[in-house]
Amino acid sequence: MSGVHLEMRGVRKRFDALNVLADVTLSVHPGEFVSVLGPSGTGKSTILKLLTGALKPDSGEILLNGKPLSESKRPFAFMPQRDALMPWRKIIDNATLGLEVQGVKRAKARQRVAPLFAEFGLEGFEQHYPAQLSGGMRQRAALMRTIAQDKAMLLLDEPFGALDALTRTQMQHWLQSMREKHGWTVLLITHDVREAVLLSDRIYLLTGRPARMKQEISVPLPRPRGSVPSPEASAIESDILKTLLQPKAHKA
Amino acid sequence: MPRSEPKSHGLMPMFINAIPAIGAVAGLFLAWEAYVLISGISPTTLPAPSRVVAQTVEHRAALATNTLATIRATVFGFATSLTAAFLFSVLIDFYGPLRRALFPVLIITQTLPLVAIAPLIVLWFGFGLTPKIMLVALVTFFPMLVALVEGYRSTSKDLEDLLVSMNAPRHKIFLMARLPSALPYFFAGLRISITYAVVAAIFAEYAGAVQGLGIYILNAKNNFRPDLVLAAVLVSSTLTLALFGAIVLIQRLSTPWTRLEGDKAK
Ligand SMILES: Nc1ncnc2c1ncn2[C@@H]1O[C@H](COP(=O)(O)OP(=O)(O)O)[C@@H](O)[C@H]1O
Ligand SMILES: [Mg+2]
């Protein structure tokens, strides 16, 4: 995966009467892990949809290595909020979806994704349908489908939001170790403060309606980060919580 | 860890589920048989079930030839309508305004009474296969078109957005997401339409034909043979059930994942 530099500047988006994004400005540098953190309904998923082409911004710029997004082929592999596995495809064929869209023959695509199964803890489940898998396994399958596309940047929309707390913690650490190993460039969407602090190099706080980037936070903690947050990590967490829970009265 | 392949559908549980229905039907026939025996009613008014079965066996050669004609009309008519419904559904899916142009006209075709249309079509197109195919198609085309169009529209937005994120062109989104999403709707439409199809074929034959269960029923009625009318009814019901069963079987074999989701919901 070659590096790619993403920049969003002053991006706005409204749905008819609903003004969702007032001013989204963010950047992701090659090799970086960046999170957008905010409460539900603030427009986090909308940001990713602007990047994947499902929606168009009303104004503002989206730049890839300095060039407008519309002029380049999208270098993103997107993992939607709900896993969006195709119920009629077996896990192996869900994993090959991106390659098949790119025109790779199914047999060839299967050969290419087969080695991923062991790494994603899905060995032996190639021939299962999504309905036969647990929630955690489905999320891993969805992430595998994302990785298999072999794109420069991963866009992950609350990948573990639907999981129980224990499975979610396991998956977060698993993602951390996978990221260490492969050096993916990631833009992660989450509403989970601890998740953001555990995984990110930088965090953007998104708040308000319409939503703005309220604050940018660096997380200069060494890796790998442990399953019990260090005092430094806890301090960052409580700072973020304070900002998010602050009454918004004085802004109006 | 679940390592099982999707289970093949158990025929035994299916049979056990069917026991109450079989019992109810058997009870009904027993009561009918008993009534005919006790009342001594003439078989030219109400023949006993045993007589109907005996007549069915005795006239099996004639019934078979006529049934074959009806099957031919049903299958050709249904195949024509399926092909047309699929083509139109794809056109509508790729070009939305077509739906608004076509649906009102098609809904009107569904309001036409079969009793009036069947003789007219026979009058215009003769006693051959063509009018039967047309009538079967007329009755089944619209339900199948609606099933397909609604099925495409049921595709999850998440899946489409995912494919868009992969830079999939429109026709790939159709093939990879919209078409498979429509399969359950398609089969639901198929199950309903196949029963209409047989009825429509018989109706068309009744209005005028050289061969077929419809014309067989008409002749039996004109000869005061209610036992033979009922023999033809027995055969046509069996035929409809067989076609219905075949569709259920095809659905089970071709969409194994829907059963897994059902298992989970339990
Ligand atoms: N396609 C759409 N049309 C209209 N409103 C939408 C659409 N997508 C999202 N919204 C609305 O925009 C707001 C932000 O949605 P979303 O980006 O999904 O938030 P988040 O991911 O932060 O929970 C919500 O109020 C949602 O109802
Ligand atoms: Mg969201």
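Parameters and conventions
- Per chain, residues are indexed from 1 in the order of the written sequence.
- Written order decides the labels, with chains lettered from A and ligands numbered from 1.
- The predicted origin of the model limits local features to residues at a pLDDT of at least 70 and limits the giving and counting of side-chain atom pairs to 80 or more, whereas totals for whole chains, interfaces and linings rest on all residues.
- Hydrogens are left out, water is left out, and the side-chain values use all remaining heavy atoms of the structure.
- Runs of E in the DSSP output that reach at least two residues are strands. Runs of H or I that reach at least four are helices, and both are numbered from the N terminus.
- Only protein chains enter the accessibility calculation, which uses a 1.4 Å probe; a residue is then buried when its area is under 20% of its type maximum, exposed when over 50%, and partly exposed in between.
- By the convention used here, residues are in contact when the closest approach between their heavy atoms is within 4.5 Å.
- Working definition of accessibility: Shrake-Rupley area with a 1.4 Å probe, residue cover restricted to the visible protein chains.
- For this count, His and the chain ends are skipped, Lys and Arg are scored as positive, and Asp and Glu as negative.
- Where a charge sits is defined by one atom per residue type, namely NZ (Lys), CZ (Arg), CG (Asp) or CD (Glu).
- When a carboxyl oxygen of Asp or Glu is within 4 Å of a side-chain nitrogen of Lys or Arg, the pair counts as a salt bridge.
- Grouping buried Ala, Val, Leu, Ile, Met, Phe, Trp, Tyr and Cys residues that are joined through side-chain atoms within 4.5 Å yields what is termed a nonpolar core.
- Domain start and end points were adopted from an automatic or database domain assignment.
- In these notes, residues near a molecule or strand are those with any non-hydrogen atom within 4 Å of it.
- Polar contact criterion, stated in full: a pair of N or O atoms within 3.5 Å, where within protein one must be able to donate a hydrogen and the other to accept it, and residues adjacent in sequence count only if both atoms are side-chain atoms.
- Under this grouping Gly is polar, as are all residues other than the nonpolar Ala, Val, Leu, Ile, Met, Phe, Trp, Tyr, Cys and Pro and the charged Asp, Glu, Lys and Arg.
- A donor here means an N, O or S atom no more than 2.8 Å from the metal, or no more than 3.2 Å when the metal is Na, K or Ca. Since water is not included, a site may seem to lack partners.
- Once two parts are joined, some of their accessible surface, as seen by a 1.4 Å probe, is lost; buried area is that loss totalled over both.

Colleague: Lay out the overall build of chain B with the relevant residues and their values.
Modeller: Assigned secondary structure in chain B consists of 11 helices and 0 strands. For chain B, the α and β elements follow one another from N to C terminus as α-α-α-α-α-α-α-α-α-α-α. Counting only C-alpha atoms and orienting by the principal axes, one finds that chain B spans roughly 75 × 55 × 30 Å. A burial count over chain B gives 38% of its 266 residues as buried. Contacts spanning at least 24 positions in sequence make up 75% of the contacts within chain B whose residues lie at least 6 apart. Accessible surface, chain B: about 14400 Å² in total, of which carbon and sulfur atoms supply 73%. Charge-centre separation for chain B: the mean point of 20 positive side chains lies 2 Å from the mean point of 12 negative side chains.

Colleague: Give a description of the environment of His171 of chain B that names residues and reports values.
Modeller: Residues and elements named next belong to chain B. Along the chain, His171 falls in helix H8 (residues 170–206). Judged by relative accessible area, which is 44%, His171 ranks as partly exposed. In this structure, the C-alpha to C-alpha distance between His171 and Phe94, residues 77 residues apart in sequence, is 8.7 Å.

Colleague: I'd like a rundown of the pattern of salt bridges, residues and numbers included.
Modeller: Enumeration over the complete set of coordinates arrives at 25 salt bridges over all chains. For Arg223 of chain A, the salt bridge identified is with Glu180 of chain A, shortest N-O distance 3.9 Å. A residue pair is termed long-range when its members are at least 10 positions apart, and Arg223 of chain A in the loop between strand E10 (211–218) and helix H9 (231–245) and Glu180 of chain A in helix H7 (residues 165–182) qualify at 43 residues. Assessed through its relative accessible area of 24%, Arg223 of chain A is described here as partly exposed. A salt bridge links Asp93 of chain B to Arg170 of chain B, with the shortest nitrogen-to-oxygen separation between them at 3.1 Å. One end of the pair, Asp93 of chain B, is in helix H3 (residues 60–94); the other, Arg170 of chain B, is in helix H8, with 77 residues separating them in the sequence. The exposure class of Asp93 of chain B is buried, given its relative accessible area of 13%. Several salt bridges share partner residues, and in doing so they unite Arg89, Asp93, Glu100, Arg106 and Arg110 of chain A into one network.

Colleague: Help me get a handle on the nonpolar core, residues and values and all.
Modeller: Residues and elements named next belong to chain A. Val113, Phe120, Leu122, Leu143, Met144, Leu156 and Leu175 are the most contacted members of the largest nonpolar core, which totals 37 residues. No other element matches the 6 residues that helix H6 (residues 135–147) contributes to this core. If you count residues domain by domain, this core takes at least three from each of domain 1 (1–75 + 155–252) and domain 2 (80–151). Non-local contacts of Leu122, meaning those with residues more than four positions away in its chain, are made with Phe117, Leu133, Met137, Arg140, Ala141 and Met144. Membership of the second largest hydrophobic core comes to 29 residues, among which are Val34, Leu64, Phe76 and Tyr204.

Colleague: A description of the site of ligand 1 should follow, citing residues and the corresponding values.
Modeller: Residue and element names in this part refer to chain A. Ligand 1 sits among Phe15, Leu18, Val20, Pro39, Ser40, Gly41, Thr42, Gly43, Lys44, Ser45, Thr46 and Arg209. Within the backbone of Gly43, one N or O atom sits 3.0 Å away from an oxygen atom of ligand 1. One of the side-chain N or O atoms of Arg209 is found 3.2 Å from an oxygen atom in ligand 1. Taken by itself ligand 1 offers 560 Å² of open surface, and the protein chains cover 61% of this. Take the shell around ligand 1: its biggest share by element is 3 residues, from helix H1 (residues 44–52). Broken down by class, the residue content of the shell around ligand 1 amounts to 4 nonpolar, 6 polar and 2 charged.

Colleague: I'd like to hear about the coordination of the magnesium ion (ligand 2), residue by residue, with values.
Modeller: Residues and elements named next belong to chain A. At this site the magnesium ion (ligand 2) is bound by Ser45 (OG) and Gln81 (OE1), with donor distances of 2.0 to 2.4 Å. Of this pair, Ser45 sits in helix H1 while Gln81 sits in the loop between strand E6 (76–79) and helix H2 (91–95), and the two are 36 residues apart along the sequence. The class for Ser45 is partly exposed, based on a relative accessible area of 21%. Judged by its relative accessible area of 33%, Gln81 falls in the partly exposed class.

Colleague: Lay out the domain arrangement of chain A in plain terms, naming residues and giving numbers.
Modeller: All names here are of chain A. Split by domain assignment, chain A resolves into domain 1 (1–75 + 155–252) and domain 2 (80–151). On a C-alpha basis, the centroid separation for the pair domain 1 and domain 2 is 24 Å. At the interface, 18 residues of domain 1 touch 13 residues of domain 2. Together domain 1 and domain 2 conceal approximately 1300 Å² of surface at their shared face, both sides included; 63% is due to carbon and sulfur atoms. Viewed at the interface, domain 2 and domain 1 are joined by 1 salt bridge. The element that contributes the greatest number of residues to the side of domain 1 that touches domain 2 is H7, accounting for 7 residues. Here the side of domain 1 that touches domain 2 is built from residues that sort into 11 nonpolar, 3 polar and 4 charged.

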